[in-house]
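So the chains spell out like this:
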Amino acid sequence: MHDFKFKNGELYCESVKVSTIAKKAGTPFYLYSHHTLVDHFTKIKKAFAGVRPLICFAMKSNDNMAVLKTLVNQGAGFDIVSVGELKKALMVGADPQKIVFASVGKTEEEIKDAIRANILFFNVESLPELEEINRIAGSLKKKPKVALRINPDVEAATHAKIATGTLKNKFGIDLRTSRRLMKARATFPHVRFSGVHVHIGSQIITSAPFIKAVKRAIDFVDILRKDGVDLEFLDIGGGLGIIYKDEKPQTAQDFADAILPYLKKTGLKIVMEPGRFIAGNAGIFVTKALYLKDNGVRKFLIVDGGMNDLVRPSMYGAYHEIVPLKKTGTRKVKMDVVGPICESGDFFAKDRMLPVLKKGDLLAIMSAGAYGYVMSSNYNVRGRVPEVMVKGNKYAVTKPRETFNDLVRGEKIPKFI
Ligand code: LLP
């Protein structure tokens, strides 16, 4: 499942002791396992081999270039949501014909850059966006491919902030409008209507909503066929859940077994956009205990990482397992693990039973490879932490810690003050 394992009471990433890296990189930092990334990518590839999908890693979940390159080397494409992601994908050598671009708010510049880069297709999220892509494509004398991101109106049974598949959400185009647009495709002469896209949310651990959404997309493709619309792609999005605590998510194989027969019947090229499934358990966040504080009511373990580094617990109440890098005694104490940020929401765990720890002890916050570093900020004038990758017995800092100069670069005090 992942390559962070204890050997002789010490946590290792593949063949490297995590505490050795901590000495080199300082804390806090993110650490990724090359082997886990490849393993998770391969699991999806194998499970869906029957339709030979194009696997576009959702780079919003982790855009570290070493991670991206690892996946490019495996044949991955990318699901992007901004021109920044486009540029990073191209920088690591991604094939533009393996890039798909979703986002409800693509700007004119972004649309231009993506057309010029010759990406595989746009996942279009509204009529005005379609009009804009058509207009821009016309002015560039190009004819890019578009897929309509349908909103299948399916509840994803996940955290409200990461559910996207119902009409309460801003994503996608309702089915009635989608059908109308497909039928009226001749009025958008500068784009090629090539596909249907569906993505109903993230960290979905049961297969029912997925299957419902994908089936709805497939039924829709059938309706379009009857309308005389011939498509090339069916993009089934991402969203596969992973184990953070004791979830029993469907495996890639379970999902594939349930859905492959339907996918095959469409005869379309299948595109997938997994993010968390590939990166989530391939990364950890390492932080150091600074102080122990007992106010008579609660015990707090104050660490050097904060919500600016890893926001998921604060933002979604997400559970992340926490383990000391060194196994100590068996006695456990209930405590809150909190950061140094001036907010009560700055915590990694509440009421967590952890071994008795002391100043300087190192802790790993597990399953932090997806939506970890990418969601970090400079809140409280804190530099972003380094990202490190391990492959076998080798490791390297792939992105350095931000310095104070990085944080104030370009900032000016106007003369009128
Ligand atoms: N495709 C589209 C169009 C998406 O919007 C997303 C994620 C994905 C694919 C990848 O989904 P995944 O396979 O990773 O579940 N920050 C939140 C998650 C936000 C997900 C955004 N969209 C979190 O930390 O849980």
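This text goes with the structure placed above it.
Remember, predicted model here, so these are calculated numbers, not experimental data.

Focus: a nonpolar patch on the surface
Piece 1. Together, Val 381, Phe 404 and Val 408 give the surface a local cluster of nonpolar side chains, amounting to about 290 Å² of exposed area.
Piece 2. Relative to the assigned elements, Val 381 resides in the loop between β19 (362-365) and β20 (387-391).
Piece 3. Residue Val 381 is classed as exposed on the basis of its relative accessible area, which comes to 58%.

Quick notes on the pattern of salt bridges
Two side chains that carry opposite charge are able to pair once their charged atoms sit near each other.
Piece 1. Enumeration according to the criterion identifies 22 salt bridges in this entry.
Piece 2. The partner of Glu 108 in a salt bridge is Arg 135, with the nearest N and O atoms 3.4 Å apart. On the criterion of sequence distance, the pair formed by Glu 108 in helix α5 (residues 108-117) and Arg 135 in helix α6 (residues 127-140) is long-range, its members being 27 residues apart.
Piece 3. By relative accessible area, which is 43% here, Arg 135 ends up partly exposed.
Piece 4. Salt-bridge contacts for Asp 294 lead to Lys 299; the nearest nitrogen and oxygen are separated by 3.5 Å.
Piece 5. According to the relative accessible area criterion, Asp 294 is partly exposed, its value standing at 49%.
Piece 6. Taking the relative accessible area as the measure of exposure, Lys 299 reaches 39% and is therefore partly exposed.
Piece 7. Bridged by salt links that share partners, the residues Glu 108, Lys 112, Glu 132 and Arg 135 form one connected network.

Structural notes on α6
Piece 1. Between its terminal C-alpha atoms α6 stretches 20 Å, which fits the 20 Å expected from 14 residues at 1.5 Å a residue.
Piece 2. Of all the residues in α6, the buried ones are Glu 129, Leu 130, Ile 133, Asn 134, Ile 136, Ala 137 and Gly 138.
Piece 3. Considering only its buried residues, α6 is in contact with α5, β8 (121-124), β9 (145-151), α7 (175-183) and β11 (192-197).
Piece 4. You can read the cap of α6 off the contacts: a side-chain oxygen lies 3.2 Å from the backbone nitrogen of Glu 129, and it is on Ser 126.
Piece 5. Looking at the residues trailing α6, positive phi occurs at Lys 141, about 55 degrees.

Some points on the site of the ligand
Piece 1. In the neighbourhood of the ligand, 19 residues make up the surrounding shell, with Ser 202, Glu 273, Arg 312, Tyr 316 and Tyr 371 lying closest.
Piece 2. Contacts to the ligand include Ser 202, whose side-chain N or O atom sits 2.4 Å from an oxygen atom.
Piece 3. Within the contact set of the ligand, an oxygen atom lies 2.6 Å away from a side-chain nitrogen or oxygen of Tyr 371.
Piece 4. Contact with the protein chains covers 92% of the free accessible surface of the ligand, which is 600 Å².
Piece 5. A majority-of-atoms criterion places the ligand in the largest pocket.
Piece 6. Across the shell around the ligand, the residue classes tally to 6 nonpolar, 7 polar and 6 charged.

With respect to the nonpolar core
Piece 1. Counting residues in hydrophobic clusters, the biggest one holds 98 residues, and the most contacted among them are Phe 48, Phe 78, Phe 122, Val 196, Leu 234 and Leu 263.
Piece 2. For this core, the element with the most residues is helix α8 (residues 207-226), which contributes 9 residues.
Piece 3. Both domains that meet at this core, namely domain 1 (4-31 + 280-408) and domain 2 (34-278), each give it at least three residues.
Piece 4. Leaving out residues up to four positions away in the same chain, Phe 78 has contacts with Cys 56, Phe 57, Met 59, Leu 68, Val 72, Ala 89, Val 92, Ala 94, Lys 98, Ile 99 and Val 100.
Piece 5. With 19 residues, the next largest nonpolar core counts Leu 11, Cys 13, Leu 362 and Val 390 among its residues.

Cut-offs used in this document
- Residues numbered from 1 in each chain as written.
- Predicted model: local features only at pLDDT ≥ 70, side-chain atom pairs only at ≥ 80, totals over all residues.
- Heavy atoms only, no water.
- Patch = residues over 30% accessible without salt bridge, like charges linked within 9 Å, V, L, I, M, F, W, Y side chains within 5 Å.
- Areas by Shrake-Rupley, 256 points an atom, 1.4 Å probe, with all protein chains shown as cover.
- Salt bridge = Lys/Arg side-chain N within 4 Å of Asp/Glu carboxyl O.
- Helix = DSSP H or I, 4+ residues; strand = E, 2+ residues; numbered from the N terminus.
- Buried < 20%, exposed > 50% of the residue type's maximum accessible area, 1.4 Å probe, protein only.
- Expected span 1.5 Å × (residues − 1).
- Contact = heavy atoms within 4.5 Å.
- Polar contact = N/O pair within 3.5 Å; in protein donor to acceptor, adjacent residues only side chain to side chain.
- Near = heavy atom within 4 Å.
- 1 Å grid on protein atoms, 1.4 Å probe; cavity = no way out; pocket = protein on both sides within 12 Å on 5 of 7 lines; lining within 4 Å.
- Sits in = over half its atoms within 2 Å of the grid points.
- Nonpolar A, V, L, I, M, F, W, Y, C, P; charged D, E, K, R; others polar.
- Core = buried A, V, L, I, M, F, W, Y, C linked by side-chain atoms within 4.5 Å.
- Domains from an automatic or database assignment.

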